[in-house]
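Single-letter residue listing:
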Amino acid sequence: MIYVSRREVFSASHRLHNTELSDEENQRIFGKCNNPNGHGHNYILEVVVAGEIDPKTGYVVDLKLLKTVIIENVVKKVDHKHLNYDVDFLKGINPTTENVAIGIWNQLVDKIPGGKLYSIKLHETENNFIEYRGE
Ligand code: NI
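The numbers attached to residues start from 1 for each chain and follow its sequence in the written order. This being a predicted model, a pLDDT of at least 70 is required before a residue's local features are given, and a value of 80 or more before pairs of side-chain atoms are given or counted; all residues contribute to the totals for chains, interfaces and linings. Side-chain calculation: all heavy atoms of the structure are included, whereas hydrogens and water are not.

**Re the sheet that holds strand β5 (residues 129–132)**
Put simply, the rule reads: Between any two strands, pairing holds if DSSP finds at least two bridges. Strands are runs of DSSP state E lasting at least two residues, helices are runs of H or I lasting at least four, and both sets are numbered from the N terminus onward. It only takes one pair of heavy atoms within 4.5 Å for two residues to be counted as in contact. The axes used here are C-alpha line fits, helices contributing only the stretch in contact, and every angle between their N-to-C directions lies in the interval 0 to 180 degrees.
If you walk across this open sheet you meet the five strands as β3-β1-β2-β4-β5, and the pairing is mixed. Only two strands of the sheet have a single partner each, and these edge strands are β3 (81–82) and β5. As judged from the seven bridges shared by strand β2 (residues 39–51) and strand β4 (residues 116–123), these two strands associate in the antiparallel manner. The residue of β4 that forms the bridge with Ile 44 is His 123. Across the sheet, helix α2 (residues 63–78) lies against β1 (2–14), β2 and β3, angled at about 20° from β1, the strand it touches most. Contacting β2, β4 and β5, helix α3 (residues 97–108) runs over the sheet at an angle of about 150° to β4.

Structure representation (structure tokens):
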């Protein structure tokens with residue numbers, strides 16, 4: 001089994017807020033991410049595909065095709081958008097990095113053009129990132 005990764009970047013704003021909690025508690029839990037008008041992050045997305053090498057091409061997956069799938073199904077929908085309002089696959093979801101990673105997984109899992117989706121890694125800051133393997 002070989003693991004192939006494609007990295008993409010996007011910028012988006014979000015607001016983390018749970019309407020069932022008080023304003024004070026939201027502020028305590030979500031901090032800067034609870035800013036009433038949202039705020040932005042420069043996200044780094046890593047899509048990892050696992051599979052066997054195709055003897056004809058020597059590839060697990062054609063990275064040009066994988067790039068196009070990620071751009072069309074994820075990056076175009078989230079880049080320079082507000083994750084709470086603008087993104088069809090995140091409607092009604094509190095856009096934590098965890099929830100956005102799961103949304104991205106669901107967008108891509110049945111569209112991978114070779115091998116199969118192994119994990120989604122989503123970096124929200126330089127030091128914080130999430131990994132989801134569909135389990
Ligand atoms: Ni934030």
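**Examining unusual backbone geometry**
Test applied: Residue exposure (1.4 Å probe, protein chains only): buried if accessible area is under 20% of the type maximum, exposed if over 50%, otherwise partly exposed.
Despite not being glycine, His 80 has its phi angle at roughly 60°, a positive value. Checked against the element boundaries, His 80 lands in the loop between α2 and β3. Using a relative accessible area of 65% as the deciding quantity, one classes His 80 as exposed.

**Some thoughts on the packing of aromatic side chains**
Test applied: Centre distance within 6.5 Å is the pairing criterion for rings of Phe, Tyr and Trp, where only the six-membered ring of Trp is used; planes under 30 degrees apart are then read as stacked, over 60 as edge-to-face, and the remainder as tilted.
By the definition in use, this model includes three aromatic pairs. Centre to centre, the rings of Phe 10 and Tyr 43 are 4.9 Å apart; their planes meet at 20°, and the pair counts as stacked. Here Tyr 43 lies in strand β2 and Phe 10 lies in strand β1, a separation of 33 residues in the sequence. An identical accessibility class is assigned to Phe 10 and Tyr 43; each is buried. A centroid spacing of 5.4 Å and a plane angle of 75° characterise the contact between Trp 105 and Tyr 132, whose relative ring orientation is edge-to-face. Residue Trp 105 is located in helix α3, and its partner Tyr 132 is located in strand β5; the two are separated by 27 residues in the primary sequence.

**Topic: the pattern of salt bridges**
Filter applied, for reference: The working definition used for a salt bridge is a side-chain nitrogen of Lys or Arg within 4 Å of a carboxyl oxygen of Asp or Glu.
Across all of its chains, the model carries seven salt bridges by this definition. Arg 133 serves as the salt-bridge partner of Glu 131, at 3.3 Å between the closest nitrogen and oxygen. By relative accessible area, Glu 131 is classed as partly exposed at 36%.

**Focus on the nonpolar core**
Within soluble globular proteins, side chains that are nonpolar generally end up buried alongside one another. Basically, it comes down to this: Joining through side-chain atoms within 4.5 Å is the link that ties buried Ala, Val, Leu, Ile, Met, Phe, Trp, Tyr and Cys residues into a set, and such a set is a nonpolar core.
Residues Leu 45, Val 47, Leu 83, Ile 104, Leu 108, Ile 120 and Leu 122 are the most contacted members of the largest nonpolar core, which totals 29 residues. At the level of elements, β1, β2, α2, α3 and β4 are the ones that each hand at least two residues to this core. Considering every element that reaches this core, the biggest residue donor is α2, with six residues. In contact with Ile 104, not counting residues within four places along its chain, are Leu 45, Val 74, Phe 89, Ile 120 and Leu 122.

On their own, these measurements won't tell you what the molecule is for.
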